[in-house]
Each structure stands twice: as structure tokens, then as C-alpha cells.
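Spelled out from the first residue to the last, the chains are:
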Amino acid sequence: MDNIWRSIRFKYIFACILITFVTSCIISIAPISIDECKCETNAQANQHLKQVADEANRHKKTSQHRLALLVPFRDRFEELLMFVPHMQKFLDKQDINYHIFILNQVDRYRFNRASLINVGFLETEKAFDYIAMHDVDLLPMNDQLSYAFPSTGPHHISSPDLHPRYHYYTFIGGILLIKREHFLQVNGMSNKYWGWGLEDDEFYVRLKEAGLSVSRPQNVSTGTHNTFKHIHDRNHRKRDMVKCYNQREVTRKRDRQTGLNNVSYKILDTIKMTITDTPLTVINISLQCDKSSTPWCECEKLVGSKDARSKEKKKVNGSKVATGL
């Protein structure tokens with residue numbers, strides 16, 4: 001009897017060992033669902049903008065509209081450290097429901113302000129009602145300058161009558177507010193402007209052709225010398241105004257091919273950070289260049305040349321560079 005019992009126990013133990021071994025083998029060779037992991041990662045990324053919008057709401061802003069402050073950016077960290085705390089104080093006084101997005105261009109190509117704004121809009125449009133196309137080196141100093149929702153049409157805060165440098169009527173650079181529907185209506189900005197200048201002039205023509213009237217601050221008590229603080233040091237950081245290939249000819253014409261619908265880019269990562277208690281989001285953007293259409297995204301940089309300086313001086317003195325578009 002004992003022999004029979006020992007035989008049964010041995011078979012039972014052997015069966016358990018065999019089942020455990022087979023189960024372990026199956027688990028070890030079973031494929032892990034990579035798609036499942038990716039879905040979780042993508043879900044976390046998609047939640048970021050929602051969290052940003054919800055965070056603004058938690059501060060009990062009275063404004064019903066959400067402003068995405070889009071700041072095209074590259075290698076301007078010292079200016080950013082001045083910009084962020086200043087804008088927080090300025091916008092909090094107006095009870096604006098806002099979030100700052102630093103559109104950081106990290107590719108090897110020349111700076112493209114318009115494409116960065118297009119990317120910033122595409123990445124934020126679902127969570128925000130309107131955008132501010134905002135230079136990092138231009139700080140508003142007069143509390144009469146309103147960043148409220150531009151319900152009737154684009155609102156140019158840094159108007160020619162107030163900007164410290166550019167005074168021609170068609171100028172809409174610096175700081176421009178525009179609601180989501182109107183930016184979509186004109187297909188955003190042209191992607192052809194690599195290097196400094198003219199992209200805002202082309203955008204003015206887009207707005208004009210779409211029948212959108214640009215408003216500007218009225219009855220402001222300050223003027224060109226004390227409405228804004230311009231913190232860009234031209235001697236420290238030269239502007240890239242070089243023109244190569246047929247860039248000068250092409251960029252003086254109305255662009256009807258490029259915009260929101262075909263801006264080419266990759267988001268490398270999105271970083272949440274804080275500067276002096278001000279939350280902001282840095283979006284690292286790698287723009288793509290089609291050299292068959294815009295070969296001037298890379299060209300020899302002769303910044304500071306006599307030709308470049310003369311072109312900048314011409315624009316500063318009020319040349320209406322966009323009227324021929």
C-alpha cells in the first residue's frame with residue numbers, strides 16, 4: 001500500500017513540475033503588446049493640454065475664453081527669463097485665462113517664426129479659443145493694452161503707432177491676437193519664410209483678402225517710447241536677414257500654397273516647467289524643409305553684411321514691404 005501511495009505522490013509532484021514548466025515557457029515566449037504601451041503613453045501626452053486648460057480654470061479666472069500665448073523661440077533664454085514673470089504679472093491683472101507655450105525650434109535650419117506659430121496653433125487649438133502670436137523680446141508696459149478675446153477680428157496690440165521700431169501701417173508683427181476660427185479661415189501663416197522678416201507682412205495680406213479687419217488699441221496714454229520695452233540686443237544677437245537662391249523674389253509674392261494644411265514638423269518632446277512660479281510648456285519642434293521649394297532654409301549666413309543692414313534700416317524707417325504682395 002505504501003508503495004502505491006509513494007507512486008501516486010511521485011506522479012502528482014512530477015505533473016505539477018511539468019505543468020509549471022510548460023506554463024513558464026508559454027509566458028516567456030508570449031508577445032508583449034507594444035501597442036498597448038504606446039496607447040498609454042499617447043494618452044498621457046494627449047492629457048497634457050487638457051491638464052493645462054483645467055489648471056487655468058482652477059485659478060477661477062472670470063474670462064470664459066482660453067488664450068494660448070505662442071512664443072516662437074530659439075537660443076533666447078536670458079530674454080525668456082525676463083518675459084515669463086513679466087507676462088504673468090501683466091496678464092493676471094486682466095484676469096486672462098492663459099497659458100504660455102514656448103515654441104522651441106531645435107532643427108538645423110534657419111529660424112522660421114511663421115511655421116513655429118502654425119505648429120503651436122495645431123498643437124493647442126483643441127484646448128484654447130484664441131492665440132497670441134507673441135515675440136519674446138517685446139514686453140507690454142501699459143495696462144491699457146488688452147489681451148481679451150478678439151471676438152470681432154484680429155487685434156494687433158503692438159500697433160505701428162505704439163511699437164518702438166516699426167511704424168508702417170501694414171505692420172502686424174510683435175503681438176497679434178486672433179481667434180481660432182479666423183486663423184483657420186486664412187490657413188495660418190506661410191511656411192516659406194526662413195530667416196528674419198516679412199512673414200507678418202504676408203499674413204497681413206491673407207487677413208485683408210479674407211475680409212478680416214485688424215483692430216488696434218485706441219486712446220492709449222503712452223507712445224512709441226514707453227508703451228513697450230524692447231529687450232533684444234542687436235549687437236549681441238544679429239538678425240538672420242540673408243537672402244539666398246531666389247528667396248527675395250519668392251517671399252515678396254502672396255503665398256497661396258503653404259500654411260496650416262502642410263506645415264511639416266516633428267514634436268520631439270513637450271516639457272512642463274516653471275519660471276518664478278509661472279507654469280509654462282516648452283514644445284521642442286523639429287521643422288522639416290522641402291529644399292525643392294524653399295532651398296533657402298539653409299544658406300550661408302552673412303548676418304551683419306552691408307546689404308543686410310541696409311534692408312533692416314529700410315524696414316525700420318517705415319517701408320511698406322508688403323504692399324507689393
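All values reported here derive from a predicted model rather than from experimental measurement. Within any chain, residue numbers begin from 1 and follow the written order of that chain's sequence. Since the coordinates come from a predicted model, pLDDT governs what is reported: local features require at least 70, and pairs of side-chain atoms require 80 or more to be given and counted, while whole-chain, interface and lining totals use all residues. Only heavy atoms go into the side-chain values, all of them from the structure, while hydrogens and water stay out.

Q: I'd like to hear about the sheet that holds strand S3 (residues 130-134), residue by residue, with values.
A: Read across the open sheet, the seven strands follow the order S5-S6-S3-S1-S2-S9-S8; overall the sheet is mixed. Whereas interior strands pair on both sides, the edge strands pair on one side only; in this sheet they are strand S5 (155-156) and strand S8 (265-275). As paired strands, strand S1 (residues 66-73) and S3 are joined by four bridges and run parallel to one another. Of the residues in S3, the one forming a bridge with Leu-70 is Met-133. Only heavy atoms matter for contacts: two residues are in contact if any of them lie within 4.5 Å across the pair. Here the axes come from fitting lines to C-alpha atoms, over the contacting stretch only for helices, and the angles between their N-to-C directions go from 0 to 180 degrees. Runs of E in the DSSP output that reach at least two residues are strands. Runs of H or I that reach at least four are helices, and both are numbered from the N terminus. Sitting on the sheet, helix H4 (residues 113-124) is in contact with S1, strand S2 (97-105), S3, S8 and strand S9 (278-287), with an inclination near 145° to S1. Two strands are said to pair when DSSP picks up at least two bridges between them.

Q: Tell me about the pairing of S9, residues and numbers included.
A: Relative accessibility under 20% of the residue-type maximum defines a buried residue, over 50% an exposed one, and the middle range a partly exposed one, all with a 1.4 Å probe and only protein chains included. A large share of S9 lies buried, amounting to nine of its 10 residues. In the sheet, S2 pairs with S9 via six bridges, with the strands oriented parallel. The residue bridging Ile-102 from the neighbouring strand is Val-282, located in S9. In terms of strand pairing, S8 meets S9 through 10 bridges, oriented antiparallel. By the bridge assignment, Ile-267 is partnered in S9 with Ile-285. From the end of S8 to the start of S9, which pair antiparallel, there are two residues, and Thr-276 there has a positive phi angle of about 45°.

Q: Could you give me a rundown of the pattern of salt bridges, with the residues and numbers involved?
A: What makes a salt bridge here is a side-chain nitrogen of Lys or Arg within 4 Å of a carboxyl oxygen of Asp or Glu, nothing more. Counted by the stated rule, this structure contains 17 salt bridges. The partner of Lys-192 in a salt bridge is Asp-255, with the nearest N and O atoms 3.7 Å apart. Residue Lys-192 is located in the loop between helix H5 (180-185) and helix H6 (199-209), and its partner Asp-255 is located in the loop between helix H7 (247-250) and S8; the two are separated by 63 residues in the primary sequence. Just as Lys-192 is buried, Asp-255 falls in that class too. Each of Lys-192, Glu-202, Arg-206, Glu-209, Arg-254, Asp-255 and Arg-256 takes part in one network of salt bridges that share partners.

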